[in-house]
Amino acid sequence: PIAKSYAEGAHEDAMHTVESASRFILSIAVVASSIFIFCARDVADLWLGKSYGYQSSEIIMVLATATLIRSILTPYVSAAIATGGHRSIAWTPIIEGIANVSLSVWLGSMYGLAGILTAKVVSAFVGIGLVLYVNPLRNVFDNYDIVVYIRSALYRPLAAILIISLIVIPADYAQIDRNMG
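All figures in this text were calculated on a predicted structure; none of them were measured in a lab.

The rules behind these values
Residues numbered from 1 in each chain as written. Predicted model: local features only at pLDDT ≥ 70, side-chain atom pairs only at ≥ 80, totals over all residues. Heavy atoms only, no water. Buried < 20%, exposed > 50% of the residue type's maximum accessible area, 1.4 Å probe, protein only. Helix = DSSP H or I, 4+ residues; strand = E, 2+ residues; numbered from the N terminus. Arc of directions from axis to C-beta. Core = buried A, V, L, I, M, F, W, Y, C linked by side-chain atoms within 4.5 Å. Contact = heavy atoms within 4.5 Å. Axes fitted to C-alpha atoms, helices over the stretch in contact; angles between N-to-C directions. Parallel < 35°, antiparallel > 145°, perpendicular 65-115°, else oblique. Left-handed = near helix turned anticlockwise from the far one by under 90°. Nonpolar A, V, L, I, M, F, W, Y, C, P; charged D, E, K, R; others polar.

*Asks:* How should helix α5 (residues 74–83) be read in this particular structure?
*Replies:* Since the α-helix advances by 3.6 residues per turn, residues separated by three or four positions end up pointing in the same direction. Taken together, the buried positions of α5 are occupied by P75, Y76, A79, A80 and T83. Angular distribution of buried residues about the axis of α5 spans 145°; they occupy a single face of the element. Residue G84 follows α5 closely and has a positive phi angle near 85°.

This is how it looks when you write it as structure tokens:
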């Protein structure tokens, strides 16, 4: 629908479709990620067995959070591809990858696994930050306001998953520390 609306000159409809699709897909992604955040210990137990799973639940929680962060712009990037605006953001995954590897090595050498997991989340924010900064739809949809897009489509679901993650992951880590110590 985005490419068709754009081709027909119905830019307002195309922008509305991007925002609606973003809200819908991000809501589904929040629910899916929440399952891995709230049930991380059960997933880790099934995957790795009880002895390793108990200690690995934070890894699943952080990876679910980073994956969600990384995927929040899927409809936006799809619209950029459909309208030819993707050329301006073709380099952003490379920068995100460099940030991921560099931060993983640096933070991993100082903080171990916690540093590597932190690098995953930070590099995910680097990736979406670069795409939002470049704002490839700005030239396609007559100065598309990225702040309006963030407020209308991304703010609430992203805030929800970050609040959930910031509460559940440290609480789970503290419980493991009490049980291990």
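*Asks:* I'm lost on the nonpolar core in this one. Help?
*Replies:* Soluble globular proteins: nonpolar side chains tend toward being buried together. Ranked by internal contacts, the top residues of the largest apolar core, which has 40 residues, are I72, L73, Y76, L137 and Y149. Listed by contribution, the elements that provide at least two residues to this core are α2 (11–38), α3 (40–48), α4 (50–71), α5, α7 (113–134), α8 (137–140) and α9 (146–180). Ignoring any residue separated from it by four or fewer positions in sequence, one finds I72 in contact with L26, I128, Y149, L154 and L158.

*Asks:* Just checking my understanding: could you explain the packing of helix α6 (residues 92–111) against α7 for this structure?
*Replies:* Two numbers describe a pair of packed helices, the interaxial angle and the distance between the axes. Contact pair α6 / α7: the axes reach a minimum separation of 7 Å and the direction vectors enclose 160°. The angle between the axes of α6 and α7 places the two elements in the roughly antiparallel class. In the crossing of α6 with α7, the sense of the turn from one axis to the other is right-handed. Classifying every residue of the contact of α6 with α7 gives 14 nonpolar, eight polar and two charged.

The values reported here are purely geometric and, on their own, carry no functional implication.
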